[in-house]
Amino acid sequence: MDLGDSWEAQARQWIRWARRPGHDSYWRHHRDQFLRLVPPPGRRTMDIGCGEGRLTRHLKGLGHRVTGIDASPSLVAAAREADPAMDVRLADAATLPLEDAAADLAVAFLSLHDIDPMPAAVREIARVLEPGGRLCLATVHPINSAGRFERHAADAPFVIAEEYLRPFG
């Protein structure tokens, strides 16, 4: 199973989890910090790996003419359902359904690390960005998957049992 298939298999759970405002770090920290990095609205913004569309909707609310892209049919359907007026497309990030130089901004918010052909996706993003266009991205820090807390307690130690930067599966 590739990462796209994995996201499709978990889509319903993700939609329920992502749509509960205030409970995760997106609502409490990451969204606002990330949006401070995003340039003002321009000609077109691409949201690569838009998922169920929560950031896509926020970008639209800030005035961006945004096109959301995701490879999960269930997540794309949920994004369209949440805002039928949004341009959300079912596509692989390695073969974006946009013409060359179609956008001045691309965002990849916690998505590039979940795309199997990441180098091909980055090439595609470069292709569809106009000269001088910008890519704003955020990715998960490796500490998120490097270890575990020993127990659910405020004073529980965080233990990294493997090499911190070694690939694992």
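The paragraphs below set out a description of the structure included in this document.

About the criteria used
- Residues numbered from 1 in each chain as written.
- Predicted model: local features only at pLDDT ≥ 70, side-chain atom pairs only at ≥ 80, totals over all residues.
- Heavy atoms only, no water.
- Axes fitted to C-alpha atoms, helices over the stretch in contact; angles between N-to-C directions.
- Helix = DSSP H or I, 4+ residues; strand = E, 2+ residues; numbered from the N terminus.
- Parallel < 35°, antiparallel > 145°, perpendicular 65-115°, else oblique.
- Left-handed = near helix turned anticlockwise from the far one by under 90°.
- Contact = heavy atoms within 4.5 Å.
- Pairing = 2+ DSSP bridges.
- 1 Å grid on protein atoms, 1.4 Å probe; cavity = no way out; pocket = protein on both sides within 12 Å on 5 of 7 lines; lining within 4 Å.
- Points joined across faces, edges and corners; volume = space filled by probe spheres on them.
- Nonpolar A, V, L, I, M, F, W, Y, C, P; charged D, E, K, R; others polar.
- Buried < 20%, exposed > 50% of the residue type's maximum accessible area, 1.4 Å probe, protein only.
- Right-handed = clockwise from strand over helix to strand, strands pointing away.
- Phe/Tyr/Trp six-rings, centres within 6.5 Å; stacked < 30°, edge-to-face > 60°.
- Expected span 1.5 Å × (residues − 1).
- Bend = angle between axes of the 7 residues up to and from the residue.
- Polar contact = N/O pair within 3.5 Å; in protein donor to acceptor, adjacent residues only side chain to side chain.

What follows covers the packing of helix α2 (residues 25-37) against helix α3 (residues 54-61). The N-to-C vectors of α2 and α3 enclose an angle of 50°; their axes lie 12 Å apart at closest approach. Taken as axis vectors, α2 and α3 run oblique relative to one another. Judged by the twist between their axes, the crossing of α2 over α3 is right-handed. Judged by residue contacts, Tyr26, Trp27, Arg31, Phe34 and Leu35 of α2 engage Arg54, Leu55, His58 and Leu59 from α3.

Okay, the pairing of strand β5 (residues 129-138) next. Strand direction decides the pairing type here: strand β4 (residues 103-109) and β5, joined by six bridges, are parallel. Bridging from a neighbouring strand, alanine 108 pairs with leucine 137 of β5.

Once that is clear, we can look at the layout of surface pockets. Taken as a whole, the largest pocket encloses approximately 870 Å³ of empty space. Around the largest pocket, the lining comprises 43 residues; the ones closest to its centre are Gly49, Phe109, Leu110, Ser111 and Asp114. Where the lining of the largest pocket is concerned, the elements lending two or more residues are α1 (3-18), α2, β1 (45-48), α3 and β2 (66-70). In the lining of the largest pocket, the residues fall into 21 nonpolar, 13 polar and nine charged.

Turning our attention to the pairing of β2. Of all five residues that make up β2, five are buried, and the element is covered over most of its length. Because side chains alternate across β2, one face comprises the buried residues Val66, Gly68 and Asp70, and the other comprises Thr67 and Ile69, equally buried. Each parallel crossover has a hand, and the one from β1 via α3 to β2 is right-handed. Alignment of β2 against strand β3 (residues 87-90), held across four bridges, turns out to be parallel. Residue pairing in the sheet places aspartate 70 in a bridge with leucine 90 of β3. With respect to chirality, the unit in which β2 leads through helix α4 (residues 73-82) into the neighbouring parallel β3 is right-handed.

Below, the discussion takes up the packing of aromatic side chains. In total, this model carries four aromatic pairs according to the counting rule given. Judged by centre distance (5.0 Å) and plane angle (70°), the ring pair of phenylalanine 149 and phenylalanine 158 falls under edge-to-face. Relative accessible area serves as the criterion here: at 55%, phenylalanine 149 is assigned to the exposed category. A relative accessible area of 35% means that phenylalanine 158 is categorised as partly exposed. Pairwise contacts between aromatic rings join Trp7, Trp14 and Trp17 into one cluster.

Turning to the side chain of arginine 44, a few remarks are in order. Counting through the fold element by element, arginine 44 comes out in the loop between α2 and β1. In this structure arginine 44 comes out as buried when scored by relative accessible area, which is 9%.

So, on to α2. Look at α2: 17 Å from first C-alpha to last across 13 residues, which is about the 18 Å you get at 1.5 Å a residue. Of all bends in α2, the biggest is about 35°, found at arginine 31. Tyr26, Trp27, Arg31, Phe34 and Leu35 are the residues of α2 that are buried. At its buried positions, α2 is contacted by α1, α3, β4 and β5.

Looking at where serine 74 falls in the secondary structure, it is placed in helix α4. The exposure class assigned to serine 74 is buried, which follows from its relative accessible area of 13%. In this structure, serine 74 is in contact with Glu8, Ala11, Arg12 and Ile15, ignoring residues within four places of it in sequence. Of note is the side chain of serine 74, whose polar atom sits 2.5 Å from the side chain of glutamate 8.

Spatial relationships are all this shows, so hold off on functional conclusions.
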